[in-house]
Amino acid sequence: MNDLINNWKLVLLLCLALGLAPFFPEPHLWGKLKWIAGGAHGMKLMDWFDVLLHGFPFLLLMRLLVLKFKSK
């Protein structure tokens, strides 16, 4: 399991595929983040779970970046 979450290629693929899907008319996560920045009026529990689901690959990427720069 540790090999999977520390695999740069897999994490980047997840960011591009799951994190940004669907791509048109705008990436899904970007739309949700704009909604949250606008006050998150009308967001339901499912919308928050959706943000977590689409944002998780980016959290893994940030974790890998922190670990890489912390080890230097």
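Our structure is the block above this text.
Since we're looking at a predicted model, the values are computed, not measured.

(A) The arrangement of the nonpolar core in detail. Residues Val11, Cys15, Leu60, Leu61 and Leu64 constitute the largest nonpolar core, which totals five residues. Listing elements by their share of this core, those giving two or more residues are helix H2 (8–19) and helix H4 (45–71). Among the elements that take part in this core, H4 stands out by supplying three residues, more than any other. Residues contacting Leu61, with those up to four places away along its chain left out, are Trp8, Val11, Leu12 and Cys15.

(B) Summary view of unusual backbone geometry. Here the residue pair Ala21 and Pro22 is connected by a cis peptide bond, since its omega of -15 degrees sits within 30 degrees of zero. Within the fold, Pro22 resides in the loop between H2 and helix H3 (28–37). Even without being glycine, Ala40 reaches a positive phi, approximately 60 degrees. For Ala40, the position within the fold is in the loop between H3 and H4. For Ala40, a relative accessible area of 17% puts it in the buried group.

(C) Local environment of the side chain of Asp47. Mapped onto the elements, Asp47 comes out in helix H4. There is a polar contact of 3.0 Å between the side chain of Asp47 and the backbone nitrogen of Lys44. Other than its neighbours up to four places away in sequence, Asp47 contacts Lys32, Trp35 and Gly42.

The rules behind the values
- Residues numbered from 1 in each chain as written.
- Predicted model: local features only at pLDDT ≥ 70, side-chain atom pairs only at ≥ 80, totals over all residues.
- Heavy atoms only, no water.
- Core = buried A, V, L, I, M, F, W, Y, C linked by side-chain atoms within 4.5 Å.
- Buried < 20%, exposed > 50% of the residue type's maximum accessible area, 1.4 Å probe, protein only.
- Helix = DSSP H or I, 4+ residues; strand = E, 2+ residues; numbered from the N terminus.
- Contact = heavy atoms within 4.5 Å.
- Polar contact = N/O pair within 3.5 Å; in protein donor to acceptor, adjacent residues only side chain to side chain.

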